[in-house]
Amino acid sequence: MEIKNIKKHFPILSQNPDFTYLDNAATTQKTKKVIKSISRFYRQHNANVHRGIYELSEKATEKYEEVRKTAAKFIGAKEKEIVFTSGTTDSFNLLARSLGKTPEIVKKNPKILITEIEHHANYLPWREISDDIHFARQKEDFTIEWPEGDFDIVSITHASNVTGLMPDAKEVRKKYPKALFILDAAQSIAHKKIDVKNLDVDFLAFSSHKMYGPTGIGVLYGKQELLEKLYPLKVGGGMIAEVTKKSAKWAELPERHEAGTPPIAQAIGLQAAIEFLEKIGMEKIEEYEKELRKYAFEELSKIKGLKLFHPNLEIDAGTVFSFQLEGIHPHDIAEMLSERNIAVRAGHHCCQILHREVLKIPASTRASFAVYNTKDDVDKLAKRLNEIVKIFT
């Protein structure tokens, strides 16, 4: 599939040609195939999974488990290593709280390293199990200064949702070989090829809605030997093998971590999203967005009074650009961009520590790009930002 004219696959974009959508770090638009696949499931295959001994339920179960195969192959994992959740935040809550009940994997009150650029989803859950949390500092060039020492858990973003920085996960793994190594791939999953075995991560999480799929479903990957030890956070239907008045025995992987009715239709949509990405090719997407990043960086850097919170082009980063315009509130910028049908995000982007304690600002405006964005979108953004500067000066 060619990237040129790819907007035609997205109803919201193809039906609104004057609309410039630049809030992809929050959520991406959905393809026709994703939307149709969900509708088709409800029209033709709707039944609960893993329970019914009738054809419709068996077909629904078959389709649901096909998604697990697709997701596993997409990131180089085994099927048993894929746990479906409601999204990245849910994955981190499940993981942190479960680890807090699993001394076979980590000790009580573990020593944890995260970074100053983390989304709240990769900070707040860890506070629930430890008060020994350390922060790798963000430097002036927006890269990370990694501290010396040993940690029980190292949990970092694979791509910042504010600066776009993509830390070198393999190098971080090498630096902390004894730690339980965890990646938040919510912002990278749609932009670069991920192989969990090559990265040697112990756990990794991502969300469907950041990769052109539906909301309400995500993936938690874990090494099989760790998932088998991990105490299940949620208990109830679907995750048990046997229950008596005095005891309970958990099901095998991955069902033991998937209590209750799963997000079946959303999983079907996730499969369609993965197939869409694979049809384009992750290497092709990465190459295209690298060129788009360069163009956006150069054009935004020309705007008078604009302060860009983004690494220079020699440092690996995604197409996420947070910025301030001197003397203009980020919310005013976002509203004035919206007047020209340009959608961006304004606020702290669920990264208050980075904004308020590191950058020393209350908020920023963020433009984040996806595979369907073009240099024309960059031009529209830059033109309107220049107009806003003139209005306020």
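It should be noted that the structure appears before, not after, this text.
Anyway, here's the lowdown on the structure attached to this text. What you are looking at is a predicted structure, and each value in this text was computed from that prediction instead of being measured.

What counts and what doesn't
- Residues numbered from 1 in each chain as written.
- Predicted model: local features only at pLDDT ≥ 70, side-chain atom pairs only at ≥ 80, totals over all residues.
- Heavy atoms only, no water.
- Pairing = 2+ DSSP bridges.
- Helix = DSSP H or I, 4+ residues; strand = E, 2+ residues; numbered from the N terminus.
- Contact = heavy atoms within 4.5 Å.
- Axes fitted to C-alpha atoms, helices over the stretch in contact; angles between N-to-C directions.
- Phe/Tyr/Trp six-rings, centres within 6.5 Å; stacked < 30°, edge-to-face > 60°.
- Lys NZ or Arg CZ within 6 Å of the ring centre and 35° of its normal.
- Patch = residues over 30% accessible without salt bridge, like charges linked within 9 Å, V, L, I, M, F, W, Y side chains within 5 Å.
- Areas by Shrake-Rupley, 256 points an atom, 1.4 Å probe, with all protein chains shown as cover.
- Salt bridge = Lys/Arg side-chain N within 4 Å of Asp/Glu carboxyl O.
- Lys, Arg positive; Asp, Glu negative; His and termini not counted.
- Charge placed at Lys NZ, Arg CZ, Asp CG, Glu CD.
- Buried < 20%, exposed > 50% of the residue type's maximum accessible area, 1.4 Å probe, protein only.
- Parallel < 35°, antiparallel > 145°, perpendicular 65-115°, else oblique.
- Nonpolar A, V, L, I, M, F, W, Y, C, P; charged D, E, K, R; others polar.
- Core = buried A, V, L, I, M, F, W, Y, C linked by side-chain atoms within 4.5 Å.
- Disulfide = S-S within 2.5 Å.

Let us look at the sheet that holds strand S7 (residues 180-184). The strand order across the open sheet formed by 8 strands is S2-S9-S8-S7-S6-S3-S4-S5, and the pairing between neighbours is mixed. The open sheet has two edge strands with one neighbour each: strand S2 (82-85) and strand S5 (144-145). Bridge count for strand S8 (residues 203-207) against strand S9 (residues 218-222) is 5 bridges, and the pairing is antiparallel. Opposite Ser207, over in S9, you have Gly218 as the bridge partner. Where helix H3 (residues 55-75) meets the sheet, its contacts fall on S2, S8 and S9, and the angle it forms with S2 comes to roughly 115°.

Quick look at the packing of aromatic side chains now. The relation between two aromatic rings is expressed through the spacing of the ring centres and the mutual angle of the planes. This structure, assessed with the given rule, holds 14 aromatic pairs. With a centroid separation of 5.9 Å and an interplanar angle of 55°, the aromatic rings of Phe19 and Tyr21 are classed as tilted. Among the aromatic residues, ring-to-ring pairing joins Phe10, Tyr212, Phe276 and Tyr372 into one connected group. A cation over an aromatic ring shows up here: Lys111 above the ring of Phe151, its NZ or CZ 4.9 Å from the ring centre.

Side chains of Lys8, Lys32, Lys36, Arg40 and Arg43 sit close together on the surface and give a patch of like positive charge. Residue placement: Arg40 occurs in helix H2 (residues 32-45). Judged by its relative accessible area of 37%, Arg40 falls in the partly exposed class.

One way to put it is that H2 packs onto H3 with a least axis distance of 10 Å and a crossing angle of 155°. Taken together, the axis directions place H2 and H3 in an arrangement best described as roughly antiparallel. Here Phe41, Gln44 and His45 of H2 lie close against H3, whose contacting residues are Leu56, Lys59, Ala60 and Lys63. Along the lines of polarity and charge, the residues of the contact of H2 with H3 split into 3 nonpolar, 2 polar and 2 charged.

With that settled, consider the sheet that holds strand S13 (residues 320-325). If you walk across this open sheet you meet the 4 strands as S12-S13-S16-S15, and the pairing is antiparallel. Two strands in the sheet have a free side with no partner beyond their single neighbour: strand S12 (306-309) and strand S15 (345-347). Averaged over all neighbouring strand pairs, the angle between strand axes comes to 30°, with direction disregarded. Of the pairings in the sheet, the one linking S12 to S13 comprises 4 bridges and is antiparallel in character. Bridged to Leu308 within S13 is Phe323. Across the face of the sheet, helix H11 (residues 330-338) comes into contact with S13, S15 and strand S16 (364-368) while running at roughly 165° to S15. In the packing of helix H13 (residues 375-392) onto the sheet, contacts are made with S12, S13 and S16, and the angle to S13 comes to roughly 10°.

Here we take up the nonpolar core. Soluble globular proteins: nonpolar side chains tend toward being buried together. Formed by 70 residues in total, the largest nonpolar core has its most connected members in Ile75, Val154, Leu204, Met211 and Tyr212. By residue number, the principal contributor to this core is helix H9 (residues 264-280), which donates 9 residues. When sequence neighbours within four positions are dropped, the list of residues in contact with Leu204 reads Leu183, Ala185, Ile194, Val196, Val219, Leu220 and Tyr221.

It is worth spelling out the pattern of salt bridges at this point. This structure, assessed with the given rule, holds 24 salt bridges. Taking the shortest distance from any N to any O, the salt bridge between Asp23 and Arg345 comes out at 2.9 Å. Taken as a pair, Asp23 in the loop between strand S1 (20-21) and H2 and Arg345 in strand S15 lie far apart in primary sequence, 322 residues in all. The exposure class of Asp23 is buried, given its relative accessible area of 8%. Notably, a salt bridge pairs Glu81 with Lys197, separated by 3.1 Å at the nearest N-O pair. Of this pair, Glu81 sits in the loop between H3 and S2 while Lys197 sits in helix H7 (residues 196-199), and the two are 116 residues apart along the sequence. What makes Glu81 buried here is its relative accessible area of 1%.

Let us now look at the pairing of strand S3 (residues 112-115). Here S3 shows no split at all, with Ile112 and Ile114 on one side and Leu113 and Thr115 on the other all buried. Sheet analysis places S3 next to strand S4 (residues 133-138), joined by 4 bridges and oriented parallel. Within S4, the residue paired with Leu113 across the bridge is His134.

Bringing the environment of Leu94 into the picture now. Assignment of secondary structure puts Leu94 in helix H4 (residues 88-99). C-alpha separation for the pair Leu94 and Glu228, spaced 134 residues apart in sequence, amounts to 14 Å.

Time to look at the state of the cysteines. If you walk through the whole model with that rule in mind, you get 0 disulfides. There is no disulfide at Cys350, and the cysteine sulfur nearest it, in Cys351, is 6.9 Å away. Given the relative accessible area of 1%, Cys351 is considered buried.

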